[in-house]
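# Descriptive structure summary
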Amino acid sequence: MENEILLGVKDQILSLVSKLDEVGSFLGDPFFWTLHARETTKSFLTLSKPKLGKKGKEQTVSFIRKLDEVTGVSGDVERIWASYKTWVSEIRGTLREADDYVDDFIVKVYGQTEQDQKESTAEFGSEIESIKSRVSEIMNRSPQLGFSPNLKEDIKKLIRSKFDEGTPLVSCMLSYMNLPYDLKLYLLFCCAFRWVYRKTKADLDRVLVAAGLVQEKSGELMEDKAHENLERLVDLGMLEEEESIWDSYSVPSPYYEFSLNVMNAEDFFISTANSDSMIISPMARHVSILEVPNTITSMNSLQHSLFVLAKGGLSKASSDCLRTVLHSAKFLRVLDLENTLLKSLPDEIAKLAHLRYLRVWYSNITKLPESISNLRNLQTLDISWSASEIEVSNGVLNVVQLRHLKVYQFMNDNEVRVPQGISRLRNLQTLEGIYAGGGIAKELGVMTQLRSLEVSCVSDDHADELYFSVMKLSMLRKLSLAVERERGRGSYEYENSFFPCLESFSPPPLLQTLQLVGRLIEMPLWLGSMDNLTKLYMCYSHLFENPTTILQFLPNLKYLRMFKAYKGSRMGKDFFRAGGFPKLEYLYISSDNLVEWTEIEEGALPCLKQLSIFYCMELMLLP
C-alpha cells in the first residue's frame, strides 16, 4: 500500500529529489570543504595540545590565522565563519525538514479513506513546493568568499609546513579531511558501538542499511554495499578489524576523537558510564546510551536511531520513559535494546511505521506479539538471548520486508520454533536460531535467497530433509548446525549426541563460514572440498582421529576454532604439515584430553597471527 501512496506523489517527490541533488553538490565544493577543513584543524589542534608543549600551544592561534589567510577570508574572520556555519545549519535543517515531511506523510495517509488520501496528497504537493522554494532561497544566499581554485592543495601544504607529516595525527587529519561525507557518517555509527557493545560486521551492515545510509540499486544487495564501504574505511586505516573473537570493527584513535568532535553537528549523541553529560540535544537524531545506570532521560521525537545498553535492567521509571519516547518517536528507524530485561515488547513499538531494525537482547520476553505484523518496513528482527524460551507468533509472516530474523536462545536447548509458512518471506536472507522440525526443514528448500542459516536441535526425524533442503541453497554463505542434545550425564558436552547421517550431506558451493556443534563419528570427507571456506567452528566433535588431515589443505581457511573437537592426548607433526593451512590466521584449540603437542613441521601455518590455547588443563608440552 505504501508504494501505491508514493506513486500518487511520484512527480512531486522526483522534483524535490532533483532540487536536493543541487544542494548535495555543494558538499564537494570549496564552501563546504573549507568550513570542514577549518573545523577539523581546530579539532586536531585540540587533540594535539597535550603533545605540542608550550611552543606548540603558542602556534595554535597563529596557525588558525594562517589558515584563514590561505582560504582568503579577511575582516572579522570569526563573524564571517559563524555566519557561514549558520548558513550551512540552515541548509541542513531544511533537508531534515524535507526528510521528516515525507516520513510524516507516509504515516498520516496509511489507513486513510480514499477521499482523505486525495486531500493529504494535494496538501503534500503544496508543502513540497514550499520546501523547494525555501531551498532555492537559501542556496541563493550562499556566501561568496572568493576561494582559490587550488584551495584544497593550499590547505594541505600549509598543514605539512606547520607539522611533521610523518606524525600519526597529521596523517590522520589529512585522511579524515578527504573522506567523503557519507563515510564520515559510517564512522560515527561505528563509534556508537565500542568495547563490549561491538556489533558483528554483519549486524553493523544491517544497521547502516536500516539507517538509510545505503541506497537500494537493482541487482545489488544493500548489505553488500554497506560492507564494501566499511572495507574501504579499513583500507584507509580508519577502521580496524577484530576477527579473533568479535568478528567486528573498531575505530582507532584519533579517528574516534575526530568523529566525536563532529557528532553534535551531525545530530549524534553518544553517552557512556564515564560521560560528562547525559543531556541529550533536542536535535539529536541518533542516540546511543551505553553501560549507564538504569535511568533513561527524556528525548525528542525526531530520533531516527536509538541504542540503549542498560546496566542490570531498566527501572520502572526508565521503562515508562522508554515507552513515552517510543510513543512520540514516529520517525524511528533503528531501535536496539540490550540488557533491559523487558518482560514484553512495549506496545508502542508496533506503531513505529518507519522501523527497519529491531534488536532486543537479554530480555525476559517469552512471546512476540501478533502486532509485530504492523511493522511493514521492518528489515531486521533480532530477539536473541532471551532468559527463557520464546514463541515466534504468526504475525511475523506478514512482515513482508523482513530480511533478517534471528532468534537464538540459550535456554530450552536453543529450540525456537518459527511458524509454518516462514518460506513466504521471500526477502529473508538470514534465519538463525531456529528448530527445523515440524515441517520447517522442507520449507527451507524453497528459500533459495537465504545467505545465512543457523539450525538448532538437529535430530533423526528431520535431518535427511534438512540436509536435502540446505543443499539447494545456492546463495548460502554461512551455515550453523547444532545437534539435539541427549538428556542426562554429559549432555552439555554433547558426549552422547551424534550428528545423524552427516555423510549424506554436501555443502552449498559458496559457503564461507561453517559451524558444527555436536559429536562426529568421523570427519566428513566433503569438508576437504570446501575451497571457499574461510571460517570453521568445530565444537564438541569429540573425535579420536586427527581432524586436520582433511582441513589443513583448505586453500582459503583463515579462522579455525576446535573446541573439544579432538579427544586424543597427543598432537604431533602430522597435525600441521609443511605447506599446511596456507592462509590460516587464527587458530583456537580447547581440549580436556590434550597432554602433549610435540611438533610443528617447518613451513606449516605460514600466515598465523594468533594462536589461542584455552581450557587445556592437562596440557604439559608445547612445541
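Residues numbered from 1 in each chain as written. Predicted model: local features only at pLDDT ≥ 70, side-chain atom pairs only at ≥ 80, totals over all residues. Heavy atoms only, no water.

## Observations concerning the overall build of the protein
Of the regular secondary structure elements, the protein holds 15 helices and 19 strands. Expressed as a percentage of its 623 residues, the buried residues of the protein come to 54%. Accessible surface for the protein amounts to roughly 27900 Å². Of this, 50% is attributable to carbon and sulfur atoms. (Helix = DSSP H or I, 4+ residues; strand = E, 2+ residues; numbered from the N terminus. Buried < 20%, exposed > 50% of the residue type's maximum accessible area, 1.4 Å probe, protein only. Areas by Shrake-Rupley, 256 points an atom, 1.4 Å probe, with all protein chains shown as cover.)

## Focus on the pattern of salt bridges
Summed over the entire model, instances satisfying the criterion amount to 24 salt bridges. A salt bridge links Glu129 to Lys132; the shortest N-O distance between them is 3.4 Å. On the criterion of helical spacing, the pair formed by Glu129 and Lys132 is a turn pair, its members being three residues apart in helix α5 (residues 114-140). You can call Glu129 partly exposed: its relative accessible area is 39%. The shortest N-O distance in the salt bridge between Asp203 and Arg206 comes to 3.6 Å. Residue Asp203 and its partner Arg206 are both found in helix α9 (residues 201-210); the two are separated by three residues, about one turn of the helix. Judged by its relative accessible area of 4%, Asp203 falls in the buried class. When its relative accessible area of 6% is taken as the criterion, Arg206 is described as buried. (Salt bridge = Lys/Arg side-chain N within 4 Å of Asp/Glu carboxyl O.)

## Considering the nonpolar core
Ranked by internal contacts, the top residues of the largest apolar core, which has 111 residues, are Leu358, Leu453, Leu466 and Leu514. Not counting chain neighbours up to four residues away, the residues in contact with Leu358 comprise Leu335, Leu345, Ile349, Ile372, Leu375, Leu378, Thr380, Leu381 and Asp382. (Core = buried A, V, L, I, M, F, W, Y, C linked by side-chain atoms within 4.5 Å. Contact = heavy atoms within 4.5 Å.)

## Re the packing of aromatic side chains
To describe a pair of aromatic rings, you give the distance between the ring centres and the angle between the ring planes. Going through the model one piece at a time under the given rule, you end up with 18 aromatic pairs. Taking the centre distance of 5.2 Å and the plane angle of 40 degrees together, the rings of Tyr537 and Tyr559 count as tilted. Remark: Tyr559 occurs in strand β15 (residues 559-563) and Tyr537 occurs in strand β14 (residues 535-539); sequence separation between them is 22 residues. Per residue, the accessibility class of Tyr537 equals that of Tyr559, and both read buried. Taken together, the aromatic side chains of Tyr494, Tyr537, Tyr540, Tyr559, Phe563, Tyr586, Tyr588, Phe614 and Tyr615 make up a single cluster linked through ring pairs. Positioned over the ring face of Tyr559 is Lys535, at 5.9 Å from the centre of the ring. The lysine or arginine in question, Arg561, covers the ring of Tyr588, its NZ or CZ lying 4.6 Å from the ring centre. (Phe/Tyr/Trp six-rings, centres within 6.5 Å; stacked < 30°, edge-to-face > 60°. Lys NZ or Arg CZ within 6 Å of the ring centre and 35° of its normal.)

## Points about the pairing of strand β11 (residues 452-458)
Within β11, seven of the seven residues are buried, leaving the element largely enclosed by the surrounding structure. Of the strand pairs in this sheet, β11 and strand β12 (residues 478-483) are connected by five bridges, and their pairing is parallel. Looking at the pairing, Ser452 lines up with Lys478 of β12. A crossover links β11 with its parallel partner β12, the connecting element being helix α14 (residues 463-470), and its sense is right-handed. (Pairing = 2+ DSSP bridges. Right-handed = clockwise from strand over helix to strand, strands pointing away.)

## Some words on helix α12 (residues 316-328)
Under the 1.5 Å per step criterion, the end-to-end length of α12 is 19 Å for 13 residues, consistent within 8% with the ideal 18 Å. Buried within α12 are the following residues: Ser318, Ser319, Cys321, Leu322, Val325 and Leu326. Along the axis of α12, the buried residues cluster in a sector spanning 160 degrees; they form a single face. Among the exposed residues of α12, those pointing more than 90 degrees away from its buried face are Lys316, Ala317, Thr324 and His327. Against the buried residues of α12 lie β5 (305-310) and β6 (334-338). (Expected span 1.5 Å × (residues − 1). Arc of directions from axis to C-beta.)

## Notes on the packing of helix α8 (residues 181-191) against helix α10 (residues 222-235)
The contact between α8 and α10 brings their axes to 10 Å, and the two run at 90 degrees. Between α8 and α10, the angle falls in the class roughly perpendicular. For the pair α8 and α10, contact is made by Leu183, Tyr186, Leu187 and Cys190 and by Ala226, Asn229, Leu230, Arg232 and Leu233, respectively. Its residues placed into classes, the contact of α8 with α10 shows seven nonpolar, one polar and one charged. (Axes fitted to C-alpha atoms, helices over the stretch in contact; angles between N-to-C directions. Parallel < 35°, antiparallel > 145°, perpendicular 65-115°, else oblique. Nonpolar A, V, L, I, M, F, W, Y, C, P; charged D, E, K, R; others polar.)

## Digging into α14
Turning to α14, its buried residues number three or more, namely Ala463, Leu466, Tyr467, Ser469 and Val470. Considered in projection along α14, the buried side chains sweep an arc of 160 degrees and stay on one side of the axis. Packed against the buried residues of α14 are α13 (440-444), β11 and β12.

## Digging into a negative patch on the surface
A surface patch of like charges, here negative, comprises Asp460, Asp461, Asp464, Glu465 and Glu484. Inspection of the secondary structure assignment puts Asp460 in the loop between β11 and α14. A relative accessible area of 64% places Asp460 in the exposed class. (Patch = residues over 30% accessible without salt bridge, like charges linked within 9 Å, V, L, I, M, F, W, Y side chains within 5 Å. Lys, Arg positive; Asp, Glu negative; His and termini not counted. Charge placed at Lys NZ, Arg CZ, Asp CG, Glu CD.)

## Things to note about unusual backbone geometry
Not every positive phi belongs to a glycine, and Tyr362 is a case in point at roughly 55 degrees. Topologically, Tyr362 is positioned in the loop between β7 (357-361) and β8 (380-382). The backbone of Cys501 shows a phi angle near 45 degrees, a positive value even though the residue is not glycine. Along the chain, Cys501 falls in the loop between β12 and β13 (513-517). The class of Cys501 is partly exposed, set by a relative accessible area of 25%.

## Focus on the side chain of Ser384
Looking at the element boundaries, Ser384 is found in the loop between β8 and β9 (404-406). Side chain to side chain, Ser384 and Asp382 meet in a polar contact 2.7 Å long. (Polar contact = N/O pair within 3.5 Å; in protein donor to acceptor, adjacent residues only side chain to side chain.)

## A closer look at the side chain of Ser459
One can find Ser459 in the loop between β11 and α14. What makes Ser459 buried here is its relative accessible area of 11%. Contacts of Ser459, omitting those with residues within four sequence positions, involve Glu484 and Pro500.

## Regarding a nonpolar patch on the surface
There is a patch of nonpolar side chains on the surface, built from Leu611, Ile613 and Leu622 and spanning about 240 Å² of accessible area. Its place among the elements puts Leu622 in the segment after β19 (610-613).

## Some words on the pairing of β6
Across the five residues of β6, five count as buried, placing the element largely inside the fold. Of the two faces of β6, both are covered, the one formed by Val334, Asp336 and Glu338 as well as the one formed by Leu335 and Leu337. Since β5 and β6 lie parallel, the crossover through α12 that links them has a hand, and here it is right-handed. Note: β6 against β7, five bridges, orientation parallel.

## Observations concerning the environment of Lys472
Mapped onto the elements, Lys472 comes out in the loop between α14 and β12. Judged by its relative accessible area of 41%, Lys472 is partly exposed. The spacing of Lys472 and Val446 is 26 residues in sequence and 7.9 Å in space, taken between C-alpha atoms. Contacts of Lys472, omitting those with residues within four sequence positions, involve Gly445 and Thr448.

So yeah, pure geometry; function would need other evidence.
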